[in-house]
Structure formats: structure tokens, C-alpha cells
Amino acid sequence: SMDQLPTNVMTLIDYLANYGAKCYIVGGWVRDYLLGIDNNDIDIEVFDIDYESLLILSKMLDDNVEGFRQYGVIKLPNLGVDLSLPKYEIANDESNYNKIRYKIDPHLSLKQASMRRDLSINCIYYDPLTNEIIDPQLGVEDVINHRCRIINPHFSDDPVRLIRLIYYTVKYDLTIDQQVLDNIEPMLIDNISEGKLKSYINKIKSVDGYYQLLIDKGLLKKVEDYL
């Protein structure tokens, strides 16, 4: 059982459940739990409730709440938790990268909601009330096999995903297949804001033996200009 969850997070999830909201922990915390790694970054996807109601309930629990309505995201800094509503991505028809548009829909299925995420290893849901893992994109198998698999049909619409994918591949020593490699266009990486790019390059460089890993995985050519 995942008894590492902080008490305040369980309190929050119980509280929201009283109002009919269904909470799942998803993403990095679940992935790292399966790998035996501690991760204090807890993302909760909240179904069956609208944004306004969720914002009001959040403010009852945290007086520093920040809401980002167009993304369906609510940050609770005192609790160290981000809440997000299920949403799907609308294809980006502009040449302006980083302008992904989302349609929020609290009643999406887990499978539909998971499609906006990047890699299968980041799409594993955990229901703390039933202690169940729900795995709509078969990510558990990929975590165990250290496999990098893209599940988002609009993956390259946001170049930040490309640099993040390279970071994950190096950090978690993932196997990356040719189709994924072909997705990573170095010219797209140029579209990432300088601050974000720098922060991911620094994360890559903080991994032990990162240079050799980049070579082994066929990724060095993609990022050598930025290192």
C-alpha cells in the first residue's frame, strides 16, 4: 500500500470525495513509487467536479491557493499539491509553439484524460481511497522495462516535451526506439524559452554519466549545441 502519502493529502482527497469529486494521484509520484524512489511532487487529477466548485473547496483548505483557469489547474502551495481537471488537447494549428489549447471536461474517462500526458510511464493513476493502480496506457510494464513510449498524438506540438523526454531518458535510463528518436527535431528545441531550456539542460547534466548516456541512446546530436 502507498502509505507514504502525507496525511494532509489524504485529508484533502477525503474532503473532496465528500463533495462527489473523484481524485487520482497521477504522474511522477506514482512512477517513482513503483521504482522505489521518493518524490514529494504530488499531482492530483480531480474528476466529476467543475472548476469553480473545486476552487472554492480548495480555498477552504489552503489560503494561498492559485488558480489557472484556462489550464484547469489549481495550486495549493501550503499543502504542496497541484490539482488539475481532466482535459484533452486541441491540435495546435498555429506556428506558435507553447500555445497548446485544452478543453476541460470533468467527465472524461481515465483513458481519454491520460492522452494529453507525454509518456506512458507518466500516465499511471493511483486511487488512494481504494488503494488501486489504474493503468490506461500500460505504463507499469514500461516502468518495469525502462521503456520510453510516447502516448500523446500531439506530442511534438510542445517542444518542452522533447527536452523533458531527453531528461527522463537519461535520468531513468530508458530504452528509446527509433520512432521516438525521429520525433526529436533539434530545430524544435530552439522554440523553448531560454529559462525552461536551461533548467532542463541543468537537470540532464546533474545525472551521473549523462554524457555517455546521451551517446549510448543516440541523443547527443539532438542536444550537443545546448550543453
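Residues numbered from 1 in each chain as written. Predicted model: local features only at pLDDT ≥ 70, side-chain atom pairs only at ≥ 80, totals over all residues. Heavy atoms only, no water.

A. Expanded view of empty space enclosed by the protein. Enumeration according to the criterion identifies one cavity of 30 Å³ or more in this entry. Of the pockets and cavities examined, the largest cavity occupies roughly 40 Å³. For the lining of the largest cavity, the residue count by class is five nonpolar, one polar and one charged. (1 Å grid on protein atoms, 1.4 Å probe; cavity = no way out; pocket = protein on both sides within 12 Å on 5 of 7 lines; lining within 4 Å. Points joined across faces, edges and corners; volume = space filled by probe spheres on them. Nonpolar A, V, L, I, M, F, W, Y, C, P; charged D, E, K, R; others polar.)

B. Seen up close, the packing of aromatic side chains. With the rule as written, the count across this model stands at ten aromatic pairs. A ring pair is formed by tyrosine 71 and tyrosine 102, whose centres lie 6.4 Å apart and whose planes are at 70 degrees; its orientation type is edge-to-face. One end of the pair, tyrosine 71, is in the loop between β3 (66-68) and β4 (73-76); the other, tyrosine 102, is in strand β7 (residues 101-104), with 31 residues separating them in the sequence. Owing to a relative accessible area of 36%, tyrosine 71 belongs among the partly exposed residues under this scheme. With a centroid separation of 6.0 Å and 40 degrees between ring planes, the pair formed by tyrosine 168 and tyrosine 172 is classed as tilted. Judged by its relative accessible area of 5%, tyrosine 172 is buried. Among the aromatic residues, ring-to-ring pairing joins Tyr167, Tyr168, Tyr172 and Tyr200 into one connected group. The ring of tyrosine 102 is capped by lysine 87, whose NZ or CZ atom sits 4.6 Å from the centre of that ring. (Phe/Tyr/Trp six-rings, centres within 6.5 Å; stacked < 30°, edge-to-face > 60°. Helix = DSSP H or I, 4+ residues; strand = E, 2+ residues; numbered from the N terminus. Buried < 20%, exposed > 50% of the residue type's maximum accessible area, 1.4 Å probe, protein only. Lys NZ or Arg CZ within 6 Å of the ring centre and 35° of its normal.)

C. Highlighting the environment of valine 81. Within the secondary structure, valine 81 sits in strand β5 (residues 81-84). Taking the C-alpha atoms as reference points, valine 81 and threonine 130, 49 residues apart in sequence, are found 20 Å from one another. Excluding its chain neighbours within four sequence positions, the residues that come into contact with valine 81 are Val9, Leu12, Ile42, Ile44, Ile74, Lys75 and Leu76. (Contact = heavy atoms within 4.5 Å.)

D. Geometry of the nonpolar core. Grouped together as the largest cluster of nonpolar side chains are 62 residues, with contacts concentrated most on Ile44 and Leu83. At eight residues, the largest contribution of residues to this core is made by helix α6 (residues 159-171). The contacts of leucine 83, once residues within four sequence positions are left out, are Leu12, Leu16, Ile44, Val46, Leu54, Ser58, Gly72, Val73, Ile74 and Leu76. Listed in part, the seven residues of the second largest apolar core include Tyr24, Leu108, Leu110 and Ala113. (Core = buried A, V, L, I, M, F, W, Y, C linked by side-chain atoms within 4.5 Å.)

E. Spotlight on the packing of helix α1 (residues 7-17) against helix α3 (residues 51-61). Interaxial distance between α1 and α3 falls to 11 Å at its minimum, and their mutual angle equals 140 degrees. By the angle class used here, α1 and α3 are oblique. The crossing of α1 and α3 is right-handed. Residues Leu12, Tyr15 and Leu16 of α1 form the contact with α3, whose own contacting residues are Leu54, Leu57, Met60 and Leu61. Here the contact of α1 with α3 is composed, by residue class, of seven nonpolar, no polar and no charged. (Axes fitted to C-alpha atoms, helices over the stretch in contact; angles between N-to-C directions. Parallel < 35°, antiparallel > 145°, perpendicular 65-115°, else oblique. Left-handed = near helix turned anticlockwise from the far one by under 90°.)

F. Main features of the pattern of salt bridges. In this structure the tally under the stated criterion is twelve salt bridges. Within this structure, Asp142, Arg147, Arg149 and Asp177 form a network of salt bridges that share partners. (Salt bridge = Lys/Arg side-chain N within 4 Å of Asp/Glu carboxyl O.)

G. Molecular detail of the layout of surface pockets. The space that makes up the largest pocket amounts to roughly 1,400 Å³. Every element with two or more residues in the lining of the largest pocket is listed here: α2 (28-34), β2 (42-47), β4, β5, α6 and α9 (194-205). Take the lining of the largest pocket: its biggest share by element is six residues, from α6. Class assignment for the residues of the lining of the largest pocket results in 13 nonpolar, seven polar and 15 charged. The computed volume of the second largest pocket comes to approximately 210 Å³. Of all the elements in the fold, those that place two or more residues in the lining of the second largest pocket are α1 and α2. Counting residues per element, the lining of the second largest pocket draws most heavily on α2, at three residues. Taken together, the residues of the lining of the second largest pocket break down into eight nonpolar, six polar and two charged.

Functional significance is not addressed by these values, which are geometric in nature.
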